[in-house]
Amino acid sequence: MEKQKSYKILESLPSNGPIYISVTENNENYVSEGFPVRFFRDNGSNWVANFKPGWTNFNQVYEIENQTNLIVIAGGTLYLMNPENEKPLDVFGVGFERAFKSDRNQIILQNQTDLTIIEKNGEYWTTERISYDGIKELKIKENIVSGLTYFPTSDDDLWLEFTLNLENRKVSGGSFEKIKFKNIKNKWWKFW
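Keep in mind the model is a prediction, meaning the values are calculated, not measured.

Trainee: Which residues make up the sheet that holds strand S7 (residues 77-81), and what values do they have?
Mentor: Hydrogen bonds along the backbone pair up the strands of a sheet, which may run parallel or antiparallel. Ordered by their spatial adjacency, four strands build an open sheet running S5-S6-S7-S8, and the pairing between neighbours is antiparallel. Pairing within the sheet leaves two strands with one partner each, and these edge strands are strand S5 (60-63) and strand S8 (90-92). Taking the axes of each pair of neighbouring strands and ignoring which way they run, one obtains an average angle of 15° across the sheet. Inspection of the sheet shows S5 paired to strand S6 (residues 70-74) by four bridges, in the antiparallel sense. Bridging from a neighbouring strand, glutamate 63 pairs with leucine 70 of S6.

Trainee: Pulling in residues and values, what's your account of the pattern of salt bridges?
Mentor: Considering all chains together, one arrives at four salt bridges under this definition. Close ionic contact of lysine 52 with glutamate 28 constitutes a salt bridge, the shortest N to O distance being 2.7 Å. Residue lysine 52 is located in the loop between strand S4 (46-51) and S5, and its partner glutamate 28 is located in the loop between strand S2 (21-23) and strand S3 (35-40); the two are separated by 24 residues in the primary sequence. Glutamate 167 is the partner of arginine 104 in a salt bridge, and the nearest nitrogen-oxygen pair spans 3.7 Å. Pair noted here: arginine 104 is in the loop between strand S9 (98-101) and strand S10 (107-110) and glutamate 167 is in the loop between strand S15 (157-165) and strand S16 (170-173), with a separation of 63 residues, a long-range link.

Trainee: Could you give an account of empty space enclosed by the protein, with specific residues and numbers?
Mentor: As enumerated under the stated definition, the model contains two cavities of 30 Å³ or more in all. Estimates place the volume of the largest cavity at around 60 Å³. Residue lining of the largest cavity: Ile64, Ile71, Leu78, Leu80, Asp90, Phe92, Ile118, Gly122 and Tyr124, and that is the complete set. Those elements that place two or more of their residues in the lining of the largest cavity are S7 and S8. Considered class by class, the residues forming the lining of the largest cavity number seven nonpolar, one polar and one charged. As a volume, the second largest cavity reaches approximately 50 Å³. Taken together, Glu63, Ile64, Glu65, Ile71, Lys101, Asn105, Ile107, Ile118, Glu119 and Lys120 make up the lining of the second largest cavity. Its residues placed into classes, the lining of the second largest cavity shows four nonpolar, one polar and five charged.

Trainee: Before we move on, can you summarise the sheet that holds strand S12 (residues 124-126) with the specific residues and values?
Mentor: The strand order across the open sheet built from four strands is S9-S10-S11-S12, with neighbouring strands paired in antiparallel fashion. With partners counted over all chains shown, the strands left at the sheet margins are S9 and S12, one partner each. Adjacent strand axes in the sheet meet at a mean angle of 20°, parallel and antiparallel pairs treated alike. As paired elements, S10 and strand S11 (residues 115-118) share four bridges and run antiparallel to each other. Bridge pairing in S11 links isoleucine 108 to isoleucine 117.

Trainee: Kindly report on the pairing of strand S13 (residues 135-141), identifying the contributing residues and their values.
Mentor: As defined by bridge partners, S13 adjoins strand S14 (residues 144-152) across five bridges and the pair is classed as antiparallel. Its bridge partner being in S14, isoleucine 140 is matched across the sheet by valine 145. Counted along the chain from S13 to the antiparallel partner S14, the turn is two residues long, and its residue glutamate 142 has a positive phi close to 55°.

Procedures and definitions
Residues numbered from 1 in each chain as written. Predicted model: local features only at pLDDT ≥ 70, side-chain atom pairs only at ≥ 80, totals over all residues. Heavy atoms only, no water. Pairing = 2+ DSSP bridges. Helix = DSSP H or I, 4+ residues; strand = E, 2+ residues; numbered from the N terminus. Axes fitted to C-alpha atoms, helices over the stretch in contact; angles between N-to-C directions. Salt bridge = Lys/Arg side-chain N within 4 Å of Asp/Glu carboxyl O. 1 Å grid on protein atoms, 1.4 Å probe; cavity = no way out; pocket = protein on both sides within 12 Å on 5 of 7 lines; lining within 4 Å. Points joined across faces, edges and corners; volume = space filled by probe spheres on them. Nonpolar A, V, L, I, M, F, W, Y, C, P; charged D, E, K, R; others polar.

What follows is the structure, given as structure tokens:
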């Protein structure tokens, strides 16, 4: 028997019924329409959350394997929610643009400069900065995430390759690594 979903993404805030609950990082009252989601409690009741969005247009809800907690991405901001509670368990980020799952059920979140990986047990970690300002063409094969990172130059714009090993959490390549190396290589000091 398939488990009933504990949420439903809404097209807009309901025009009748109980008032929605503003869900924000600082428990402030958010009155604009954000990302509306209806949550269903175990006792049969439900409530509507109006999530304050971050800086992007990325909205999605992800289930965490073998957990009741959900990951809600509202305009690039991540909210860790339990459908039974009206307050988030955790909130972070404002610029997530895309997410995808690995073969090991990890959720990989992309923003402009790094990646955040949510493990199947709900724990998460963020890579070091891998891009100057932009990541594209992400792919995953087995435990390796690869893609391109933006590197601005005076002549043209370059996209440099990078890889991330999900097992040992090591990043190779990327435009930010090139900037760090370039800054160290060209650094000299004058002491007078």
